[in-house]
Amino acid sequence: MTLESRGVQNPILHPLLFIFQVIQFVLNKLLSPTPPSPKARLGRPRIAVIGGGITGVTSAAHCVGHGCDVRIFEAGKEENIGGIWSRVNNTSGLQIHSLMYRFHPSVNWKQGYPDKQQILSQVRELWKRYRLDERTVFETPVTSARQHPETKKWIINNDAETYGQFDGIICAVGTCGRPQIPHIPGMDSFQGEIHHSSQLTGKAAKGKTVIIIGGGASAVESIEYAVEEGAAQVYVLARSEKWIIPRNPVVDMLLALNIFGQETRFSWIPEFFLRKLFYRELEDIAPPSGKKGLFTDTPMVNSEVMNQIRSGKVKWLRCDIDGFTENGVKINRREKGTNPKDAGQKEEIKGDMVIMATGFQRPKLDFLPKECLEGDYKPPNWYLQTFPPQFPSVAAINCTYMNGIGSVGNWHIGIYTRLLLVFLLDDRARPRTFWMKRWIDMTAFLKRRSPVGPFEFFTYLELMWWFFFCVAINPFRWKWAFFVFFGLGENLPMKVVAAEERLRNRLQAREAEDQGTMANGVRHVREEEIRGRTMRIVT
């Protein structure tokens, strides 16, 4: 049997991929929790996982791997396991290197930039390997999550009889819901085709002029589709500039090392090198200096887009959309540095197909108690951006995310999940609402000069700093540090927690005993005083 037949790259022909697969093998053996056996009885805490996408499946796998029972609530059918990846085009693939998309230690990528089918395959294998298929209910959208007034346990959809009660909740509804298609004047009069960027599978674009409305990540995927399908010409109509960075894991990791998670006085350095070495003659489509910093918005990660623009197959136009015509789209083409709706040159871009790369509606968290979603401490202004300060037993992993640079998945899904387990297992390690709010206030103060909100953008190194601070600030969390960061060694802190509980019970019993002895002594003294007074009266 050859190496390739076993999914292992030849170390001579593909040395880097071979090393990558060796690293994945080691990480799997060291860090993957053991899947439960068929007859395993999982215990507390019991977790409700809302959503069957990558985050939901991964966090549930971590829970059951550490002996905790879970129930996954998926609004769709079994075919929707994998979340947004189950709904995108067949031509869609990973934009960042798979080294930065290892959402679980057991994931085993065969190449640097896997496509949709490979990603779904990894998610569904993980789902079955940890027997989560036995713990998933389908076509069950969650509309309500409330705490029982006495037990403080969570009840899903007001149906404790069917689902039981839960000690904690992991919200994993993601950031991409239904396709978002804004209505633009004249759409009904257009004689060509109009499709959302997520609904292109099976659509023919060969020899056609394709117009893409939108300039974000969906536009990049649409460009890849149009080029692969053999479109004659592609126009991208973008309202404003977004940063595009190379599809290079080293560059992406270096940018993620900005521990401040915001624009600094040194931000001009990576921006300068991107303009001169990556954009080069296409610097006109880069964001203007001093107007939109690199560390304010999620950049697009793609090098091929730049090659297609240089070849002339793709034309990137900065403009406002005025409306559709029978043959295309009317635009207001603007110069660099102008704002949307500023004066420009009126043009008509003719085309055969229009792709609406206008993104997705953000799923709501309105099934949670309303006090989580109101006031100064509403998402994304939560503890570690994930825990609502009123309810530390809730973790909204990856669904309060706004913008950032760095890995997607990798460590942080597991760390967030294990922090939730620690908060549920150890009440002394559990943060109090007051201190959770103070951490939010502190982070907002540290990022007060950021042009965007304190939790609207972060880098991966800043996220690691949040985790480190969270563990280091509370001495009762120190014993859990190895477990939180690596998923190892939970038995020792559990024994310490049990010993702390026994000691606490012993001290409480002794205190009660001392209070009882004191009360008996006081009662005895009072009885003697009454007896003495009575004798004096009689005498």
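Residues numbered from 1 in each chain as written. Predicted model: local features only at pLDDT ≥ 70, side-chain atom pairs only at ≥ 80, totals over all residues. Heavy atoms only, no water.

**Regarding the environment of F467**
Line of reasoning, step 1. Looking at where F467 falls in the secondary structure, it is placed in helix α11 (residues 460-472).
Line of reasoning, step 2. F467 gets classed as buried once you look at its relative accessible area, which sits at 0%.
Line of reasoning, step 3. Note: C-alpha distance between F467 and F485 (18 residues apart in sequence) is 8.5 Å.
Line of reasoning, step 4. Those residues within four positions of F467 in sequence are excluded, and the remaining contacts are L384, H412, I415, Y416, L419 and F485. (Helix = DSSP H or I, 4+ residues; strand = E, 2+ residues; numbered from the N terminus. Buried < 20%, exposed > 50% of the residue type's maximum accessible area, 1.4 Å probe, protein only. Contact = heavy atoms within 4.5 Å.)

**Side note on the confidence of the model for the protein**
Where the model shows low pLDDT, its predicted coordinates should not be examined in detail.
Line of reasoning, step 1. Summary statistics for the protein give a mean pLDDT of 90 and a share of 92% for residues scoring 70 or more.
Line of reasoning, step 2. This stretch, residues 533-539, has a pLDDT under 50; its non-local contacts, to residues over four places away or in other chains, come to zero contacts. (pLDDT = per-residue confidence, 0-100.)

**Focus on the sheet that holds strand β13 (residues 328-333)**
Line of reasoning, step 1. One open sheet holds the seven strands; their spatial order is β7-β15-β8-β9-β12-β13-β14, and the pairing between them is mixed. A strand with exactly one partner marks an edge of an open sheet, and here the two such strands are β7 (193-196) and β14 (345-350). Averaged over all adjacent pairs, the angle separating strand axes in this sheet is 40°, with direction ignored.
Line of reasoning, step 2. Packing of helix α5 (residues 217-229) onto the sheet brings it into contact with β8 (209-213), β9 (233-238), β12 (314-324) and β15 (353-356), and relative to β8 it is tilted by some 170°. (Pairing = 2+ DSSP bridges. Axes fitted to C-alpha atoms, helices over the stretch in contact; angles between N-to-C directions.)

**Concerning the sheet that holds strand β16 (residues 394-396)**
Through backbone hydrogen bonds, the strands of a sheet pair up, either in parallel or in antiparallel fashion.
Line of reasoning, step 1. Ordered in space as β3-β2-β1-β6-β16, the five strands form an open sheet in which the pairing is parallel. Strands with a single pairing partner mark the edges of an open sheet, and in this sheet they are β3 (136-137) and β16.
Line of reasoning, step 2. For strand β1 (residues 43-50) and strand β6 (residues 168-171), the ladder comprises four bridges, and the chain directions are parallel. Each residue of the ladder has a partner; that of I47, found in β6, is G168.
Line of reasoning, step 3. On the sheet, helix α2 (residues 54-65) packs against β1, β2 (68-73) and β6 and is oriented at approximately 160° with respect to β2.
Line of reasoning, step 4. Where helix α9 (residues 412-425) meets the sheet, it contacts β1, β2, β6 and β16, and its direction lies at approximately 135° from that of β1.

**Remarks on the packing of aromatic side chains**
Line of reasoning, step 1. In total, this model carries 28 aromatic pairs according to the counting rule given.
Line of reasoning, step 2. Taken together, a centroid distance of 6.5 Å and an interplanar angle of 40° make the contact between Y101 and W109 tilted.
Line of reasoning, step 3. Between F455 and W466 the ring centres are 5.7 Å apart and the planes differ by 55°, which places this aromatic pair in the tilted class. Here F455, found in the loop between α10 (433-446) and β18 (458-459), pairs with W466, found in helix α11; they are eleven residues apart in sequence, far enough to count as distant. Judged on exposure class, the residue F455 and its partner W466 are both buried.
Line of reasoning, step 4. Three or more aromatic residues joined by ring pairs make a cluster, and in this case those are Y383, F387, Y401, Y416, F423, W439, F455, F458, W466 and F467.
Line of reasoning, step 5. Lying across the ring of Y113, R247 places its NZ or CZ 4.1 Å from the centre.
Line of reasoning, step 6. Between the NZ or CZ atom of R438 and the centre of the ring of F434, over which it lies, the distance is 4.7 Å. (Phe/Tyr/Trp six-rings, centres within 6.5 Å; stacked < 30°, edge-to-face > 60°. Lys NZ or Arg CZ within 6 Å of the ring centre and 35° of its normal.)

**A word on α11**
Structural remark: α-helix, 3.6 residues per turn; residues separated by three or four positions point the same way.
Line of reasoning, step 1. Across its 13 residues, α11 extends 18 Å between first and last C-alpha, which sits within 8% of the 18 Å expected from 1.5 Å per residue.
Line of reasoning, step 2. Turning to α11, its buried residues are Y460, E462, L463, M464, W466, F467, C470 and V471.
Line of reasoning, step 3. Each element contacted by the buried residues of α11 is listed here: β17 (404-405), α9, α10, β18 and α12 (481-486). (Expected span 1.5 Å × (residues − 1).)

**Examining the packing of α2 against α9**
Line of reasoning, step 1. Closest axis-to-axis distance for the α2/α9 pair is 9 Å, and the angle between their directions is 50°. Classified by the angle between their axes, α2 and α9 sit oblique to one another. Here α2 and α9 pass one another in a crossing that is right-handed. Along its contact with α2, which presents T55, T58, S59, H62 and C63, the element α9 presents I413, G414, T417, R418 and L421.
Line of reasoning, step 2. In the contact of α2 with α9, the residues fall into three nonpolar, six polar and one charged. (Parallel < 35°, antiparallel > 145°, perpendicular 65-115°, else oblique. Left-handed = near helix turned anticlockwise from the far one by under 90°. Nonpolar A, V, L, I, M, F, W, Y, C, P; charged D, E, K, R; others polar.)

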